[in-house]
Amino acid sequence: MGTICSIAQAPVVVCLYCMQMSKRKNNHLLEVARKRAKSSPAEPTEDEERICSDQGSSALWAQHSASGEVGIIEKIFLKNFMCHSLLGPFTFGSNVNFIVGSNGSGKSAILTALIVGLGGKAQTTNRGSSLKGFVKEGESSAEISITLRNRGQDAYKPDVFGQSITIDLRISSEGLRTYKLKSKTGLLVSSKKEELVAILDHFNIQVDNPVSVLTQEMSKHFLHSKGEGDKYKFFMKATQLEQMKEDYSYIMKTKTVTQNTLEKHEATLQEIRNKYKEKEDRYKNLASLDEMQEKLNHLKHQMAWALVAEMEEEVKHMRERIAEEEKSTIKYDRKVEEWKGKVAEAERRYKQFHDQLECVTERVQKLQPECGQLRNKAQECNKAFRTAEACFHKQKTNVRDLERDKEQLLKRINELKYSITQLNAADSQTRMKQLNQIQAELDALTLQESTLAQQVGQFQQACASAKDKLSKMRREEHDLQRAIDKKQHELAAMEGSRQGGLRRFGEQMPAFIAAIEEADRQGQFRRKPIGPLGFCIRLRDADLGLAVESCLKSLMLAFCCDNYMDEKVLQALMIQSFPHGQRPQIIVSEFTDAPYNISHRAIDHPEYPSVLQALDIDNPVVTNCLIDMRGIETVLLIKNNKDARRVMQGGHPPRNCKEAFTHEGDQVYNNRYYSSSQQRARYLSHDVEQEIRHLQVSLRTQEAHFKGFKQQIRDVITNINQNEALLKRTLDDHRRVKDQCRKLQMEVNDLCVVEEPQSEDLKPLEDELEELSSRLAVCQEEYETEQQQMLTLKRAYEEVELLYRQHKETINSVAEEAEPIKEELSKSDQDVEKSMHHKKHYEEKRKAHINNIQAQKMILENKEQELKASVVKASEICPERLDIRRTAKSLDNEISHLKHKISTQQDQHGDRDTIIRQYQEALENYNSVAQHVKGLKHFIHLLSKITNTRHNVYTEMRRYLSVRCKYYFDSMLSQRGYTGTMVFNHKKEALSVSVQPGEGDKATLSDMRSLSGGERSFSTVCFVLSLWAIAEAPFRCLDEFDVYMDMVNRRISMDMMLKIAASQRYRQFIFLTPQSMSSLPVNNLTRILRLNDPDRRQSILSFGQINSEVPE
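Computed from a predicted structure; not experimentally measured. Every chain is numbered independently, its residues counted from 1 as its sequence is written. pLDDT decides what is reported in this predicted model: residues at 70 or higher carry local features, side-chain atom pairs at 80 or more are listed and counted, and totals for whole chains, interfaces and linings draw on all residues regardless. In computing side-chain properties, one takes all heavy atoms of the structure into account and sets aside hydrogens as well as water.

Bringing unusual backbone geometry into the picture now. Residues other than glycine predominantly adopt negative phi, and peptide bonds predominantly adopt the trans conformation. Cis geometry is found at the peptide bond from glycine 88 to proline 89, where omega equals 5 degrees. Note on conventions: DSSP H or I runs of at least 4 residues are helices, E runs of at least 2 residues are strands, and numbering of each starts at the N terminus. Its location among the elements puts proline 89 in strand S2 (residues 84-91). Unlike most non-glycine residues, lysine 157 shows phi in positive territory, near 45 degrees. Tracing the sequence through the fold places lysine 157 in the loop between strand S4 (141-150) and helix H6 (158-161). Exposure categories follow from relative accessible area, calculated using a 1.4 Å probe and restricted to protein chains: below 20% of the type maximum is buried, above 50% is exposed, and the middle band is partly exposed. In this structure lysine 157 comes out as partly exposed when scored by relative accessible area, which is 37%. Even without being a glycine, lysine 553 presents a positive backbone phi close to 55 degrees. Summarising the element assignment, lysine 553 is placed in the loop between helix H15 (545-552) and strand S10 (559-561).

Written out as structure tokens, the structure is:
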């Protein structure tokens, strides 16, 4: 029921909110309407209305003489808006402004930008369905800048914005809008739309109100419509009565919903009252169960002392059993002593054979040095023999080559002698001319070949250099990719640590811990390993996370094992879970239940803690492991670098202090200082989100750098491909030129071969033959010498090798003597092992027996403690001890039977406490709902009364505004001699306007549809001006007001608007017209912004200003 009541309160809250709604300046009009309702309920006469109008005008002038300094438009600027690249900036005057230009020059774009820039919707402009339609085609965004005046007493936050407020709007091609609100100095104050709404509310600017901004489409729809309902809607929308009407309709609808909810609550209240009466009857008819409850309590007293008696008997039997076990300890002592003697005998025999083996080993060791010397000598002789053999074969090859050269030279001499006799000297001159021509061509090709060879070298060097650079960049690319992958793994682990802290220690860590748990459940571990160590520690000071991580380093991921068997099992699990090279460290150390006593070797500094003091460690195994592996009790943590240098390097470091770490992770010794490369704590950071943001920023930076580096690699590859293409082309040219040179050289050689024998002298060839014969004789002598030396070295090598083999056989024979000794030594070793195994077996049995006795004593002690507790508990239940002859089991059965009997009766009548509680709850619920229903009734009555009162005031204000609108409409028509009537039918929501041009009494009134275009436009202007007179706004915009007027009506309408503008200098008027407006009078309150005709070839539309306003 409480839920139903809370839901029913929702419409009430909505009603209260709606009752408080009002639109900007309507409170002022509402007060005027109330005063008029009190003073004159009847409709006022024309004279009375004129008086009220004069008073209202003077009051408005008094009120707005200062407010004219706020809310008016000073400047507007457009960029890439609609079809215009740049438009403006336009500087507006404080009173009358005309924007003049032909179609397409940008008039409507300025008006549309004004609506959109001041928070209006795209549909309000009737220029598009979404904001992205206002972005010029081909551009990514459009920009609008509007400057509003902010002076005087009604200025909005003058200390923040100054004397003007600039509203910059940026519309993206996706239709997103972004605001920037700037002060007069250009300083950005806010970018929130809520601030813009507050400014518009403060200045009473309503861009969706046709009185403030009247577009052509809005004018066509409402003003030029033939329907009376459309004009009435225009009147209601302009005076904001339509919004008030909708608010009151919503209030009445919500009131009806609340009344329906109240009726449902009244029906529910009756049901609750019936339930309350039912609970009350059960409460009064509840039977008493005191007698059975007293019997149950008595049995519970007996049960308590029966349990004490049984526990005393159990303790007695345990004492007797422990006494018998202590007597049987003697036989285990005898067995242990017996096997101790056998172990000593076996060790004596083992030592005897071990000494004999040592003697044989010494003999072998004495022979080993001489054997080594012979082996080295044999190796040296073999090396010398192989060297001499190689020289012999080399000399043999030289002799054979010289003999072959001698034979070829003899053949050449014989051929030349024969050629000299056969040649004819007649063709000598012709061949010489041909030889010179070919030689010239060969010289040119040789020069070209040299140039190409130089280019080939340059291209080869460039390619080699680029490939070396590419190779280095490939390695650097691989390193960058590995760094990015590592950073991504760290980010994934850090994001995963939001659900569980183990993910911070690696993606594989949660699965690895689960595998350890599963292996422990299967009994594969003697004692379950502990780790990672970083997960088992907590910081007392979060600022020391980086310092502790820099100290512990890889120990943050390490695991502790109790024994080496558990280490093998854990190593196997790591192989399955972690890749090679990334497996955590395993530390094997026997687990203890208490931390080490380090009082004599730990740091005790008055200002700075040690690493051990800075950590909260629940597991003593982790504490002892970090003490053993890192000595955390001897490492200080000093946040400030200067303090760390002062403490450690000031000449007297603290006692027992080996090193210190700073807040940035720097390592400080008494004589050196190492800076840390790690920037942030990875495992011990408490702010996970900050770490994730830091990793994301770092990852984006690395990826951007990697992307740029990939582009550099592509540039280098492109350069290599270009150089290789040029190299290939140059090599082809070089090969072609080289082939031509070779062909020409062959022709030259052929000609020379023919020419040379005629003038060749055989004396050089014969001299060469003689020299070759002498060299051949010398080589033959050297060949014989090398052969003799090789045979000598071979004999020496064979002799040394024989001595080495004989000495080796002697050592082997001595070593064979040790084999039977080794067999006896092995047997004695087995006897020692067997004896020690039996001795250990009986020692373990004795230890287990003693441990069993100790365990039984502990159990006995616990039982005695339980017995004492049972006696205390029984004394609390029943202070006087009872002599119980029944067993606890029989008492328990009777208690259960009695409880069942009580429960059965309680099921028939209900539990006493439950019945009392339900009765109290039903009473409280009934009173609460009844009070709530009463409050709802009172509220609905009060809401109806207030709503009726405010609706009456709304009706009176509507009548008051209608009368004022009629008065101003008649006044406007009379300026041209027109007459007309304006009839409001609020029930049918219709507004009938009749106008007759000509003399007042001589013409008959007719509907506006029968008027000419100019007369109808003039009447429409009068209607708009009458609405201007009864509605407030800092500026008014009217688009192409004179489009259907002739020259006479245009002049009269213009005079009327200028006259009204002159009487309302606190307001700003902006008129958009295609007319030239050259006939306007020149004064300092009128400003004309003349737009040039659109030129498709230029991106900036120029404009001119005439009759500029005098600077204020």
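Helix H16 (residues 564-577) packs onto helix H14 (residues 509-521) with a crossing angle of 145 degrees between their chain directions and a minimal axis gap of 10 Å. Handedness of the H14/H16 crossing: right-handed. Each of Phe512, Ala515, Ile516 and Ala519 in H14 lies in contact with H16, whose residues at this interface are Leu570, Leu573, Met574 and Ser577. Across the contact of H14 with H16, the residue classes break down as seven nonpolar, one polar and no charged. Interaxial angles span 0 to 180 degrees and are taken between N-to-C directions of axes, which are lines fitted to C-alpha atoms, for helices over the stretch in contact. Each helix crossing is assigned a hand: it is left-handed if the near helix lies turned anticlockwise from the far helix by less than a right angle, otherwise right-handed if that turn is clockwise. Note on contacts: a residue pair qualifies if any of its non-hydrogen atoms lie within 4.5 Å across the two residues. Note on residue categories: nonpolar means Ala, Val, Leu, Ile, Met, Phe, Trp, Tyr, Cys or Pro, charged means Asp, Glu, Lys or Arg, and polar means any other residue, Gly included.

A few words on the confidence of the model for the protein. Confidence scores per residue from the predictor, reported as pLDDT, run from 0 to 100. In this model, the protein carries a mean pLDDT of 77, and residues with pLDDT of at least 70 account for 83%. Under a pLDDT of 50 for its full length, residues 1-67 has, in the predicted model, 93 contacts with residues more than four places off or in other chains. Confidence over residues 755-760 falls short of pLDDT 50; this stretch has 17 contacts with residues more than four positions distant or in other chains.

To continue, consider the nonpolar core. In this structure, Phe98, Phe235 and Leu1027 are the most contacted members of the largest nonpolar core, which totals 55 residues. In contact with leucine 1027, not counting residues within four places along its chain, are Val211, Phe234, Phe235, Ala238 and Cys965. We define a nonpolar core as any set of buried Ala, Val, Leu, Ile, Met, Phe, Trp, Tyr and Cys residues linked to one another through side-chain atoms lying within 4.5 Å.

Below, the discussion takes up the packing of aromatic side chains. Note on aromatic contacts: the rings of Phe and Tyr and the six-membered ring of Trp form a pair at centre separations within 6.5 Å, being stacked when their planes are under 30 degrees apart, edge-to-face when over 60 apart, and tilted otherwise. Throughout the structure, instances matching the rule amount to 15 aromatic pairs. For the pair phenylalanine 505 and phenylalanine 535, a centre-to-centre distance of 6.1 Å together with 90 degrees between the ring planes defines the contact as edge-to-face. Of this pair, phenylalanine 505 sits in the loop between helix H13 (428-496) and H14 while phenylalanine 535 sits in the loop between H14 and strand S9 (537-539), and the two are 30 residues apart along the sequence. Looking at phenylalanine 535, the relative accessible area reads 45%, which means it is partly exposed. Connected via pairs of aromatic rings, a cluster forms that spans Phe98, Trp1028, Phe1069 and Phe1071. Its guanidinium or amino end placed over the ring of tyrosine 673, arginine 645 lies 3.9 Å from that ring's centre, counting from NZ or CZ. The positively charged end of arginine 672 is found above the aromatic ring belonging to tyrosine 669, 4.0 Å away from the centroid. Charge-over-ring placement is defined geometrically: NZ (Lys) or CZ (Arg) within 6 Å of the ring centre, and within 35 degrees of the ring normal.

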